[in-house]
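What follows is the residue order along each chain.
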Amino acid sequence: MPTFVYMTNCDGCGYCVDICPSDIMHIDTTYRRAYNLEPNMCWECFSCVKACPQQAIDVRGYADFAPLGHSVRVLREAEKGTISWRIKFRDGREKNFVSPIRTTPWGSIKGPAEYAPPAAAAMASQDLAHEPEALKVGALPTLARNQLKKGLLQ
Ligand code: SF4
Ligand code: SF4
């Protein structure tokens, strides 16, 4: 479900380039407009869609689960602190949601540079950086071998 850019709406500001976690939104050097250079690496995270001040980015749904005729539109309004979603189904039904841009106060989340560098032993761990402290749990929940059962799907 990769993104694509409506070239006539894009003004080349580059916000989508800065925010894309997959680094696939780029500015075409000839046309000075953004484009998705590797659609199959799109996370479908909608970050670029929400960040674009021109509403120039859309997400193309794959036909198996997002049939022709549907649409998902997103509007980020920083001054209101909200993101509005409009979901249209192909039978005409529509659902609208409004959610806060973030649920924690601005400045309350430390940046990566404010954390101490990980110890060398952390390279051998499957935990992500600063887990489990960042999740505020003593230890990550894991399944013990005796909690796994064979044949559940039979
Ligand atoms: Fe990048 Fe996410 Fe936009 Fe895909 S939806 S292009 S991963 S920001
Ligand atoms: Fe174009 Fe929107 Fe990307 Fe800015 S954020 S470069 S307007 S697609």
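Located above this text is the structure these notes cover.
Quick caveat, the model's predicted, so the values are computed rather than measured. (Residues numbered from 1 in each chain as written. Chains lettered and ligands numbered in written order. Predicted model: local features only at pLDDT ≥ 70, side-chain atom pairs only at ≥ 80, totals over all residues. Heavy atoms only, no water.)

## Focus on the nonpolar core
One recurring pattern in soluble globular proteins: nonpolar side chains tend to sit buried together. Ranked by size, the top nonpolar core spans 17 residues in total, and within it V5, C16, M25, A34, C48, V49 and I57 carry the most contacts. Breaking this core down by element, the ones donating at least two residues are α2 (47-51) and β4 (57-59). The residues contacting A34, other than those within four sequence positions of it, are V5, M7, C10, C16, M25, H26 and I27. (Core = buried A, V, L, I, M, F, W, Y, C linked by side-chain atoms within 4.5 Å. Buried < 20%, exposed > 50% of the residue type's maximum accessible area, 1.4 Å probe, protein only. Helix = DSSP H or I, 4+ residues; strand = E, 2+ residues; numbered from the N terminus. Contact = heavy atoms within 4.5 Å.)

## Observations concerning the packing of aromatic side chains
Under the defined criterion, the tally for this structure stands at two aromatic pairs. Aromatic pair F46 and W85: ring centres 5.3 Å apart, planes at 55 degrees, arrangement tilted. Placement of the pair is F46 in the loop between β3 (34-36) and α2 and W85 in strand β6 (residues 82-88), with a sequence separation of 39 residues. In this structure F46 comes out as buried when scored by relative accessible area, which is 9%. (Phe/Tyr/Trp six-rings, centres within 6.5 Å; stacked < 30°, edge-to-face > 60°.)

## Regarding the side chain of E77
Take E77: it is sitting in strand β5 (residues 71-77). When neighbours within four sequence positions are excluded, E77 is seen to be in contact with T82, S84 and I101.

## Things to note about the site of ligand 2
In the region of ligand 2, 13 residues are neighbours, and C10, C13, G14, C16 and C52 sit closest. Split by residue class, the shell around ligand 2 holds nine nonpolar, three polar and one charged. (Near = heavy atom within 4 Å. Nonpolar A, V, L, I, M, F, W, Y, C, P; charged D, E, K, R; others polar.)

## Brief notes about the pattern of salt bridges
The full count for this structure, using the stated rule, is four salt bridges. The salt bridge involving D58 is made with R73; its shortest N-O contact spans 3.2 Å. Pair noted here: D58 is in strand β4 and R73 is in strand β5, with a separation of 15 residues, a long-range link. Residue classification places D58 among the buried positions, given a relative accessible area of 11%. Here K80 ties to E77 by a salt bridge, and the two come within 3.5 Å at their closest N and O atoms. With a relative accessible area of 57%, K80 lands in the exposed category. (Salt bridge = Lys/Arg side-chain N within 4 Å of Asp/Glu carboxyl O.)

## Considerations on the pairing of β6
Where β5 lies against β6, seven bridges are found, and the strand directions are antiparallel. Paired with R73 across the two strands is R86, which belongs to β6. Once β5 ends, the chain turns through four residues before running back antiparallel as β6, passing G81 with a positive phi of about 75 degrees. As paired elements, β6 and strand β7 (residues 94-100) share seven bridges and run antiparallel to each other. Bridge pairing in β7 links I87 to K95. Linkage of β6 to β7, two consecutive antiparallel strands, is achieved through a turn of five residues, within which G92 is found at a positive phi near 100 degrees. (Pairing = 2+ DSSP bridges.)

## Some points on unusual backbone geometry
Of the consecutive residues E131 and P132, the connecting peptide bond is found in the cis state with omega at 0 degrees. Of note, D23 is a non-glycine position whose phi angle comes to about 55 degrees, a positive value. For D23, the location among the structural elements is in the loop between α1 (15-19) and β2 (25-27). According to the relative accessible area criterion, D23 is partly exposed, its value standing at 48%. A positive phi angle is found at K136, which is not glycine, with a value near 60 degrees. Tracing the backbone shows K136 in the segment after β7.

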